[in-house]
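# An overview of the molecular structure
One letter stands for each residue in the lines below.
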Amino acid sequence: MSEIILKTEQLTKRFSKRILAVDGLDLEVPRGQVFGLLGPNGSGKTTTLGMILGVISLTNGSFSWFGEGDHYTIRKRIGAILEQPNFYPFLSARQNLVVHSRIKDIRKPDIDGLLKLVGLSERANDPFKTYSLGMKQRLAIASAMIANPDVLIFDEPTNGLDPLGIAEIRQLILDIRDMNKTIILASHLLDEVQKVCSHFAVLRKGKKIYSGSVQEALYSSNTVSVGAENIISLVQAISTCPGAIAVERDADVVRFQVADGWSVAAINKYLVDHQVPVNFIEQKKSSLEEKFLEILRENDNIPSPALSFRS
Amino acid sequence: MMHQLRKITELEYYKFRHYRPFLIILGLYIFCFVISGFSIKSLLDWFLEKQKDDDVLKHFLETGLPLFDFVDIWQNLGWLATLFKYIPAFVVIISVTLEYSQKTIKQNIIDGLSKKEFLLSKVALVFAISIGSALLLLLLGLFLGFLYSPVKGLPYILENIEYVAAYGLEVFVFLCMALFAAFWIQKSGVTIILFLLYTACIEPIMTGILHYKFEWDVWYFPVEAINLIIRVPFQKYALLHVEDSIIWQDVFVSLGWAGIFIALSYWMLKRRDL
């Protein structure tokens, strides 16, 4: 199924002359993806979600849900939480869910089932204001699930939680993913995106600077570490090798990325041909964090220390 | 359309039926209403006792003021009750500003409510309180009338009963004004203070200056228009002329303000990001 759940075209939000929060954003989320919207704080993630959820007006561009446009009634088929969970503090979990179900035109919501899913059954009748942050987040997820929506949107769902709470929420999101839901997850936590998402886009200053699948990103950026007796000649040799990019030098190892069309073996041969005996070579799959930093660096055109060494 | 109306009314009911401060304030409103109805008579009798040398008033000494006699009672009670319309106005202000401070308005929109539906749900609250107020006045009037009025025939009861509806209208327009203030300012404390300041000080002083210093003859300011729907009835007991029927112009001006306040609220809501 390649049905498109969400498509944005040139989505733009300008808050003031100086502040361009989202800048010409094109996104496409097909059915079944767990899509991570990754970016540092202030990169425009929440503004983007605000626009596609109707609470922030668009300066320019357009978006479409389920290929049907942006009418407000479509939002009844989306479960979404922006920033903190927002509920009526004096109402209990159960009563809050009734309010949500009325908005979404659900006559007979399965409130008990939802409370069970998120583990709030015992406190279901206590006022929302007495809940811990973790419980509030879990209620938020329950309310997002109330209309049994095809797509769920979570914005920094683990923000401010303790490690146990974080683990619980992530497990909950994975459980929901396994119910064949499409999920859009905004986060500044790479680790979270890596663990939960299938695809992701990186935002920076409101611009999309990367998008692709998490798997590809993990494999595409093969970092290789090499060590040699004579580190100076190693660095010189590596720097002239067209197969090695983004070269960085530590105290006794040189780290670089393997360029397209090159393999680690080919680079090893290149070094041998240049009379640099290698005493240590290791290929390591990068974490998304390294990939992320790499993407940011490419985007900023900040030369890495070793690259400036080359010139 | 009917479905939508029912939905937004139900929604407002589900939101606030368990909110204790609301129930307490509304209870206070009813309490003030009832207690004033019962106490004002003894207060005025005491006042007459003090004024026994006044030529005009002394003939009321034996009978008491005919405050709660049918025909008179509706305008008298209606005017008395207008003093209390501030209480439901606070309820309306709190109900809107709470949605902003708790960001539940944002969540409502995300969940699939339109901004128009959100506004209409608040107008539904205003409308329900206005109907409730008119009913309260009707019940209190009937009760006090049957207790004190020397005449009790149906024609007497029904004469001037339009003041009950006029009271409902007055509360409605006043609450629409409170609604607009809340949508505009969004913070409960500031809204209540500015609303009080404007309705009780700024506008009366401003219109006072306009009327008496510049001999301005127009009575179109909102608070003034609202208060004019039911004109002060009591001077008639001092044998002065008093308007004792509702003037259509007052009704239309007030309705116009209600429309303006609702439209401005919608404009505010539509224009701003949440």
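Each value, and the rule that gives it
- Note on numbering: residues in each chain are counted from 1, in written sequence order.
- Each chain takes a letter, starting from A, and each ligand takes a number, starting from 1, following the order in which they are written.
- Totals for whole chains, interfaces and linings use every residue, but because this is a predicted model, local features are given only for residues with pLDDT of at least 70 and side-chain atom pairs only at 80 or more, for both listing and counting.
- Strands here are runs of E lasting at least two residues and helices are runs of H or I lasting at least four, both read from the DSSP assignment and numbered beginning at the N terminus.
- Partly exposed residues are those whose C-beta has more than 12 but fewer than 20 other C-beta atoms within 10 Å; with 20 or more the residue is buried, with 12 or fewer it is exposed, and the C-beta atoms are placed from the backbone.
- Residue pairs qualify as contacts under a 7 Å threshold applied to their C-beta atoms, which are placed from the backbone.
- Classification convention: Asp, Glu, Lys, Arg as charged; Ala, Val, Leu, Ile, Met, Phe, Trp, Tyr, Cys, Pro as nonpolar; all other residues, Gly among them, as polar.
- Any two strands with at least two DSSP bridges between them are considered paired.
- Axis definition: a line fitted to C-alpha atoms, limited for helices to the stretch in contact. Angles are taken between N-to-C directions and run from 0 to 180 degrees.
- You can read pLDDT as the predictor saying how much it trusts each residue, on a scale of 0 to 100.
- Crossings are sorted by hand: turned counterclockwise from the far helix by less than a right angle, the near helix makes the crossing left-handed, and turned clockwise it makes it right-handed.
- Put simply, a nonpolar core is a cluster of buried Ala, Val, Leu, Ile, Met, Phe, Trp, Tyr and Cys residues tied together by C-beta atoms within 7 Å.

### Description of unusual backbone geometry
Residues and elements named next belong to chain A.
- The phi dihedral of Q10 is positive, around 50 degrees, even though this residue is not glycine.
- Its place among the elements puts Q10 in strand β1 (residues 4–14).
- Although it is not a glycine, N180 sits at a positive phi angle of roughly 65 degrees.
- Residue classification places N180 among the exposed positions, given that 9 C-beta atoms sit within 10 Å.

### Notes on the interface of chain A and chain B
- Between chain A and chain B, the residue contacts involve 24 residues of the former and 21 residues of the latter.
- In terms of residue count, the dominant contributor to the side of chain A that touches chain B is helix α2 (residues 93–103) of chain A (6 residues).
- Considering only residue class, the side of chain A that touches chain B consists of 14 nonpolar, 6 polar and 4 charged.

### A closer look at the sheet that holds strand β8 (residues 199–204) of chain A
Residue and element names in this part refer to chain A.
- Pairing is mixed in the open sheet, where 6 strands are placed in the order β5-β6-β7-β3-β8-β9. For this open sheet the edge positions go to β5 (78–81) and β9 (207–213), each flanked by a neighbour on one side alone. Shown here is a sheet whose adjacent strand axes are inclined to one another by a mean of 15 degrees, direction ignored.
- By the bridge criterion, 6 bridges tie β8 to β9 in an arrangement that is antiparallel. Residue pairing across strands places V202 opposite Y210, the latter belonging to β9.
- The strands touched by helix α5 (residues 163–177) are β3 (34–38), β6 (151–155) and β7 (182–187); relative to β7, the strand with the most contacts, the crossing angle is about 155 degrees.

### Some words on the environment of G259(B)
- Here G259(B) is to be found in helix α12 (residues 248–271).
- It is 25 Å that separates the C-alpha atoms of G259(B) and I161(B), two residues lying 98 residues apart in sequence.

### A word on the confidence of the model for chain B
- When the pLDDT values of chain B are averaged, the result is 86; 91% of them are 70 or greater.
- What the predictor reports for the complex is a pTM of 0.82 with an ipTM of 0.84.

### Considering the packing of α2(A) against helix α4 (residues 133–144) of chain A
Residues and elements named next belong to chain A.
- At a closest axis distance of 10 Å, the pairing of α2 and α4 adopts a crossing angle of 35 degrees. Every pair of crossing elements has a handedness; the one defined by α2 and α4 is right-handed. The residues of α4 that touch α2, namely those facing A93, N96, L97 and H100, are L139, A142 and S143.
- For the contact of α2 with α4, the per-class residue count stands at 4 nonpolar, 3 polar and no charged.

### Observations regarding helix α6 (residues 104–111) of chain B
- Among the 8 residues that make up α6(B), 8 are buried, leaving the element largely enclosed by the rest of the structure.
- When we look at burial in α6(B), the residues that qualify are T104(B), I105(B), K106(B), Q107(B), N108(B), I109(B), I110(B) and D111(B).
- Buried positions along α6(B) lie against β5 and α2 of chain A together with α5 (86–101) and α7 (115–148) of chain B.
- Two residues or fewer after α6(B) comes G112(B), characterised by a positive phi angle close to 120 degrees.

### Section: the nonpolar core
- Ranked by size, the top nonpolar core spans 136 residues in total, and within it L185(A), V92(B), I93(B), L175(B), C176(B), A178(B) and L179(B) carry the most contacts.
- In terms of residues, this core owes the most to one element, helix α9 (residues 162–185) of chain B, which gives 19 residues.
- Core analysis: the second largest hydrophobic core is formed by 14 residues, V224(A), V226(A), A228(A) and V254(A) among them.

### Describing the sheet that holds strand β2 (residues 20–30) of chain A
All names here are of chain A.
- If you walk across this open sheet you meet the 3 strands as β2-β1-β4, and the pairing is antiparallel. Both edges of this open sheet fall to β2 and β4 (60–65), since each of them pairs with a single strand only. Averaged over all neighbouring strand pairs, the angle between strand axes comes to 15 degrees, with direction disregarded.
- The sheet contact formed by β1 and β2 spans 7 bridges and is antiparallel. Residue T8 lies in a different strand from β2, and its bridge partner there is L27.
- Each of β1, β2 and β4 touches helix α1 (residues 45–52); the most contacted strand, β1, lies at about 115 degrees to it.

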